[in-house]
Amino acid sequence: MINQQLIDCFQEARASGASFAFWRYPKEHTISFVSNLEPFSGFADEKAAFYFQRFAADSNSVYQLDARLVQNFELESVDFIGAAVDFPAVDRSEFVAQVEQGLKHISDGSLTKIVLSRKVSTEIDLNLIDSYIHMCLTYPAAFCYLFYTAEIGFWMGASPELLCEVSDGIVTSMSLAGTRFSSNYQPFLEKEFREQELVTQFISSKLADLVYRVRISDRTEIQAGNLIHLQTIISGRLLEHATLNQLIGALHPTPAVCGLPQHKAFQAISEIEKYDRSFYTGVVGVVNGAQPNKINARLYVNLRCMNYRDKQTTLYAGCGIVADSNPPAEFEETEQKFKTIKRILVANNS
């Protein structure tokens, strides 16, 4: 059977009950796996770890791993029949009203931008490893992961957004904002350019205290599945005293998932959304460990993701709200983002 070793590895890990993680970096064909992850209360740049942080800061974000035990599997192409998953009908009026609340914060001058989200849930018997393989094949340019612990269940996602990559002293981050649909493409407008520029300015200002000189690329359009976004790359050489922990603390949460000013937007989100985002819009990735000042890590914003526990599947999606946002249009944007995950789901009876 195609990808049989990968499937066997998943089944053995699931049967053992131990925590484990699969991950695949963008534009690569190798899936990595490690099990028996150990939660670690501290953080050491030189230690290898799987990093999984909530949207709100959480002490149990680091799961140490033994790099010598990481297994690698070559991803083989296979056709899947996606599950026709029915999620309960949603009354758009609730989310539209929440967007209107966000717009009030912007109109009174307390916020420049706020990112609001929602979730949808349904019960389905998923074939998780097939769904994950399907995700990797469908979204080759995304960071695709599947993570499990007994405490949180399964999380799986395909993120197009790099929070930070650190390699031999060079840090790279990404400003990603604005959304268009590839099936009905329309040029980006001033609203999206302004929204994305806010993220670029935020990341640049945060990195200015941690690198020698900030470099900013030209803005481009990139495609992530059925969505198209505006992207700018920001980079620089780390100062000798800078640590990965400082980088994460400075960058997360970015305006792409929270808003501006950061602290006020975070408070407004908790008041308006009225649900726990959990690990959605948090941080996910791998720290490979290295010598001091030569940290090697790739961390992503946890977007286009889902949680699966006791056959309950929960999907998350959000959108950035600025002064001229249209509430019904923002609801439709979240609907399109849900499709990113819905289309890769494979049921056990498929």
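Here is what the cut-offs are and how they apply
- Residues numbered from 1 in each chain as written.
- Predicted model: local features only at pLDDT ≥ 70, side-chain atom pairs only at ≥ 80, totals over all residues.
- Heavy atoms only, no water.
- Helix = DSSP H or I, 4+ residues; strand = E, 2+ residues; numbered from the N terminus.
- Buried < 20%, exposed > 50% of the residue type's maximum accessible area, 1.4 Å probe, protein only.
- Axes fitted to C-alpha atoms, helices over the stretch in contact; angles between N-to-C directions.
- Parallel < 35°, antiparallel > 145°, perpendicular 65-115°, else oblique.
- Left-handed = near helix turned anticlockwise from the far one by under 90°.
- Contact = heavy atoms within 4.5 Å.
- Nonpolar A, V, L, I, M, F, W, Y, C, P; charged D, E, K, R; others polar.
- 1 Å grid on protein atoms, 1.4 Å probe; cavity = no way out; pocket = protein on both sides within 12 Å on 5 of 7 lines; lining within 4 Å.
- Points joined across faces, edges and corners; volume = space filled by probe spheres on them.
- Pairing = 2+ DSSP bridges.
- Phe/Tyr/Trp six-rings, centres within 6.5 Å; stacked < 30°, edge-to-face > 60°.
- Expected span 1.5 Å × (residues − 1).

## Remarks on the environment of Pro261
Right, so step 1: Within the fold, Pro261 resides in the loop between strand S15 (259-260) and helix H6 (262-273).
Right, so step 2: In this structure the C-alpha to C-alpha distance between Pro261 and Ser110, which are 151 residues apart in sequence, comes to 8.1 Å.

## Topic: the environment of Val166
Right, so step 1: Positionally, Val166 belongs in strand S10 (residues 162-167).
Right, so step 2: Residue Val166 is classed as buried on the basis of its relative accessible area of 1%.
Right, so step 3: Sequence separation between Val166 and Leu299 is 133 residues, and the spatial gap between their C-alpha atoms is 8.9 Å.

## Side note on the packing of helix H2 (residues 92-107) against helix H7 (residues 327-342)
Right, so step 1: Interaxial distance between H2 and H7 falls to 9 Å at its minimum, and their mutual angle equals 120 degrees. In terms of orientation, H2 and H7 fall into the oblique class. Judged by the twist between their axes, the crossing of H2 over H7 is right-handed. Where H2 approaches H7, its residues Arg92, Phe95, Val96, Val99, Glu100 and Leu103 are matched on the opposing element by Pro327, Pro328, Glu330, Phe331, Glu332 and Thr334.
Right, so step 2: Broken down by class, the residue content of the contact of H2 with H7 amounts to seven nonpolar, one polar and four charged.

## So, empty space enclosed by the protein
Right, so step 1: One pass over the structure, following the stated rule, counts one cavity of 30 Å³ or more.
Right, so step 2: Taken as a whole, the largest cavity holds about 200 Å³ of empty space.
Right, so step 3: As for the largest cavity, its lining consists of 20 residues, of which Leu176, Ala256, Leu303, Arg304 and Lys337 are closest to the centre.
Right, so step 4: Taken together, the elements giving at least two residues each to the lining of the largest cavity come down to strand S7 (113-123), strand S11 (170-181), strand S19 (312-321) and H7.
Right, so step 5: The leading source of residues in the lining of the largest cavity is S11, at four residues.
Right, so step 6: Class assignment for the residues of the lining of the largest cavity results in eight nonpolar, six polar and six charged.

## A look at the sheet that holds S15
Right, so step 1: Reading across the sheet, the nine strands line up as S6-S2-S1-S8-S9-S18-S19-S7-S15 and stay open at both edges, with antiparallel pairing between neighbours. The open sheet has two edge strands, strand S6 (71-74) and S15, and neither has a second partner.
Right, so step 2: Inspection of the sheet shows strand S8 (residues 143-149) paired to strand S9 (residues 153-159) by seven bridges, in the antiparallel sense. Counterpart to Leu146 in the pairing with S9 is Met156.
Right, so step 3: Strand contacts of helix H3 (residues 128-138): strand S1 (20-24), strand S2 (30-35), S8, S9 and strand S18 (305-309), with the helix running at about 10 degrees to S9, the strand carrying the most contacts.
Right, so step 4: Docked against the sheet, H7 engages S7, S18 and S19, running at close to 140 degrees with respect to S19.

## Details of the pairing of S19
Both faces of the sheet carry side chains from a regular strand, because those side chains alternate between them.
Right, so step 1: Burial analysis of S19 places nine of its ten residues in the buried class, the great majority of the element.
Right, so step 2: The sheet contact formed by S7 and S19 spans ten bridges and is antiparallel. Looking at S19, one finds that Val115 is bridged to Gly320.
Right, so step 3: Here S18 runs beside S19; their pairing, made up of four bridges, is antiparallel. Note that in S19 the partner of Tyr308 across the bridge is Thr313.
Right, so step 4: Linking S18 back to S19 in an antiparallel pair, the connection comprises two residues, with Asp310 at a positive phi of about 50 degrees.

## A word on the packing of aromatic side chains
Right, so step 1: Evaluated as defined, the whole model comprises 28 aromatic pairs.
Right, so step 2: When the ring of Phe95 is compared with that of Phe331, the centres are 6.5 Å apart and the planes differ by 55 degrees; the resulting orientation is tilted. Linking Phe95 in helix H2 with Phe331 in helix H7, this pair joins segments that are 236 residues apart in sequence.
Right, so step 3: Taking relative accessible area as the criterion, Phe95 reaches 3% and is therefore assigned buried.
Right, so step 4: Exposure remark for Phe331: the relative accessible area of 4% places this residue in the buried category.

## Quick look at unusual backbone geometry
Right, so step 1: With an omega of -5 degrees, the peptide bond between His252 and Pro253 qualifies as cis.
Right, so step 2: Along the polypeptide, Pro253 turns up in the loop between helix H5 (244-251) and S15.
Right, so step 3: With an omega of -10 degrees, the peptide bond running from Leu260 to Pro261 counts as cis.
Right, so step 4: One non-glycine residue with positive phi stands out, namely Ser278, at about 60 degrees.

## So, H3
Right, so step 1: Counting buried positions over the eleven residues of H3 gives nine, a clear majority of the element.
Right, so step 2: Inspection of H3 places Leu128, Ile129, Asp130, Ser131, Tyr132, Ile133, His134, Met135 and Cys136 among the buried residues, and these make up the whole buried set.

## Structural notes on the environment of Trp155
Right, so step 1: Here Trp155 is to be found in strand S9.
Right, so step 2: Separated by 152 residues in sequence, Trp155 and Asn307 place their C-alpha atoms 4.5 Å apart.

## Some points on helix H4 (residues 190-207)
Right, so step 1: Counted at 1.5 Å a residue, the expected span for H4 with its 18 residues is 26 Å, and the 26 Å between its end C-alpha atoms agrees.
Right, so step 2: All buried positions along H4 are accounted for by Lys191, Glu192, Glu195, Gln196, Leu198, Val199, Thr200, Phe202, Ile203, Ser204 and Leu207.

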